[in-house]
Number of protein chains: 2
Amino acid sequence: MYSLHSQLAADTELVGRLPLSDVLLMNNAELPWIILVPRIEGATEWHALREDHRAQLHHESILISQTLMERFNGDKLNVGSIGNMVPQLHVHHVVRYKSDSVWPKPVWGNIADQPYSPEVLEKMLSHLRKVLTKTGKMFRAD
Amino acid sequence: MYSLHSQLAADTELVGRLPLSDVLLMNNAELPWIILVPRIEGATEWHALREDHRAQLHHESILISQTLMERFNGDKLNVGSIGNMVPQLHVHHVVRYKSDSVWPKPVWGNIADQPYSPEVLEKMLSHLRKVLTKTGKMFRAD
């Protein structure tokens, strides 16, 4: 049965669910950073998924990419499925700014922990739930 | 008109062409590392491509991922479109081993330059051209 890896659970907050993936907000206040985790037991590699799951994850990744870049006006989006530390398949979507603290380096292994305050976290989750609900792509914020 | 960014041209060797993307081998002898660059003028973000191009890049990325992992038996595949240094849209596919010199860190910004010798480079290119031709996915090694 699918369950979220403990490290991902510790580092993120649940925004809601798309048809295939859980939508998680990385708890780092510097950058808008969403992780998609397909709810498939044992999945570790995108290319090894069933073809319909591969395509659905692609659609969900594009939706998250477009939504983030429209809403947060980044200079660049960094998208990656790495998984060297946490084997469970998860796809990062990180809005980057030329003014951010680690630009132009990748965030992974470089950015400092800087959790949201509870108030800002609630605002961010609420904003993301609203804009994802508006996309009409079967997002559920439950 | 499409042309390859000078940094990518300097760091890679052309393996061949898929219908949308140039298939480039990163000239780093430690790890099998392929970069796909769609031949679309001015493209910088996957999610901003035309829908048919988005889907084709997904298919080509999956093909490269499957081919690399079948042929090189990695412990993990790292896939990423980052582009903070080189804005031209390009997608990394890096075969990782628990025994490699930077595991579990991402390669970007961490791995040392270690170009192939001319002989090994030729063998690698020739091997990749053969296996990609065999996939039947319209790969051209010209």
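The preceding data block contains the structure.
Residues numbered from 1 in each chain as written. Chains lettered and ligands numbered in written order. Predicted model: local features only at pLDDT ≥ 70, side-chain atom pairs only at ≥ 80, totals over all residues. Heavy atoms only, no water.

Visitor: Quick rundown of the relation of the copies chain A and chain B? Include the residues and the values.
Guide: For the match of chain A to chain B, the screw axis carries a shift of 0.0 Å, the RMSD comes to 0.0 Å, and the turn is 180°. Those values place the two copies in the arrangement expected of a two-fold rotation axis. Of the C-alpha atoms belonging to chain A, the one lying closest to the rotation axis is found on Gly-80 of chain A, 2.0 Å away. Comparing contact sets, 100% of the residues at the interface of chain A also lie at the interface in chain B, consistent with an isologous, same-surface contact. (Least-squares fit on C-alpha atoms with pLDDT ≥ 70 in both. Contact = heavy atoms within 4.5 Å.)

Visitor: Give me the lowdown on the interface of chain A and chain B, citing residues and values where you can.
Guide: Taken residue by residue, the interface counts 27 residues in chain A and 27 residues in chain B. Buried area between chain A and chain B, both sides added, is near 2400 Å², and the carbon and sulfur share of it is 54%. Together, His-47, Lys-76 and Asn-84 of chain A form the three largest contributors to the area buried by chain A at its contact with chain B, with a combined 26%. Joining chain A to chain B, the criterion identifies two salt bridges. (Buried area = accessible area lost by both parts, 1.4 Å probe. Salt bridge = Lys/Arg side-chain N within 4 Å of Asp/Glu carboxyl O.)

Visitor: Got a sec to walk through empty space enclosed by the protein? Specific residues and values, please.
Guide: With the rule as written, the count across this model stands at two cavities of 30 Å³ or more. Of all the elements in the fold, those that place two or more residues in the lining of the largest cavity are α2 (51–72) and β4 (76–81) of chain A together with α2 (51–72) and β4 (76–81) of chain B. Considered as a void within the structure, the second largest cavity measures approximately 30 Å³ in volume. In terms of lining residues, the second largest cavity is bounded by Thr-44, Ser-81, Ile-82, Gly-83, Pro-87, Gln-88, Leu-89 and His-90 of chain A together with Lys-76 of chain B. Classifying every residue of the lining of the second largest cavity gives three nonpolar, five polar and one charged. (1 Å grid on protein atoms, 1.4 Å probe; cavity = no way out; pocket = protein on both sides within 12 Å on 5 of 7 lines; lining within 4 Å. Points joined across faces, edges and corners; volume = space filled by probe spheres on them. Helix = DSSP H or I, 4+ residues; strand = E, 2+ residues; numbered from the N terminus. Nonpolar A, V, L, I, M, F, W, Y, C, P; charged D, E, K, R; others polar.)

Visitor: I'd like to hear about the sheet that holds strand β2 (residues 21–26) of chain B, residue by residue, with values.
Guide: Overall, antiparallel pairing links the ten strands, which are arranged β1(A)-β2(A)-β3(A)-β5(A)-β4(A)-β4(B)-β5(B)-β3(B)-β2(B)-β1(B) in an open sheet. Every other strand in the sheet has two partners, leaving β1 (12–17) of chain A together with β1 (12–17) of chain B as the edge strands with one partner each. Along the sheet, successive strands turn relative to each other by an average axial angle of 20°, direction set aside. Two strands pair when backbone bridges link them, and β1 of chain A and strand β2 (residues 21–26) of chain A are joined in this way by five bridges, in the antiparallel orientation. Bridging across to β2 of chain A, Thr-12 of chain A finds its partner in Met-26 of chain A. The sheet contacts of α2 of chain A involve β2, β3 (33–38), β4 and β5 (91–96) of chain A, and relative to β5 of chain A the element is tilted by about 15°. Here helix α3 (residues 118–134) of chain B sits on the sheet in contact with β1, β2 and β3 (33–38) of chain B, set at roughly 20° to β1 of chain B. (Pairing = 2+ DSSP bridges. Axes fitted to C-alpha atoms, helices over the stretch in contact; angles between N-to-C directions.)

Visitor: Break down the pairing of β3 of chain A for me, with residues and values.
Guide: Residue and element names in this part refer to chain A. Burial of β3 is extensive: six of the six residues sit out of reach of the surface. Burial along β3 is two-sided: Trp-33, Ile-35 and Val-37 and Ile-34, Leu-36 and Pro-38, pointing in opposite directions, are all buried. For β2 and β3, the ladder comprises five bridges, and the chain directions are antiparallel. When the sheet's bridge partners are listed, Val-23 is paired in β3 with Leu-36. Across four bridges, the pairing between β3 and β5 is antiparallel. Among the inter-strand pairings, Leu-36 is bridged to a residue of β5, identified as Val-91. (Buried < 20%, exposed > 50% of the residue type's maximum accessible area, 1.4 Å probe, protein only.)

Visitor: How would you sum up the pattern of salt bridges? Please name residues and give values.
Guide: In this structure the tally under the stated criterion is ten salt bridges over all chains. The partner of Arg-50 of chain A in a salt bridge is Asp-52 of chain A, and the shortest N-O contact between them spans 2.6 Å. Taking the relative accessible area as the measure of exposure, Arg-50 of chain A reaches 51% and is therefore exposed. Its relative accessible area of 44% is what places Asp-52 of chain A among the partly exposed residues. Arg-96 of chain B is the salt-bridge partner of Asp-100 of chain B, the closest N and O atoms lying 2.8 Å from each other.

Visitor: I'd like a description of α3 of chain B, backed by residues and values.
Guide: Residues and elements named next belong to chain B. When the terminal C-alpha atoms of α3 are compared, their 24 Å separation across 17 residues agrees well with the 24 Å that a helix rising 1.5 Å per residue should span. Among all positions in α3, only Leu-121, Met-124, Leu-125, Leu-128, Val-131 and Leu-132 are buried. Take α3 and look down its axis: the buried residues cluster within an arc of 140°, on one side only. Opposite the buried face of α3, at more than 90 degrees from it, the exposed residues are Glu-119, Lys-123, Lys-130 and Lys-134. On its buried side, α3 packs onto β1, β2, β3 and α2. (Expected span 1.5 Å × (residues − 1). Arc of directions from axis to C-beta.)

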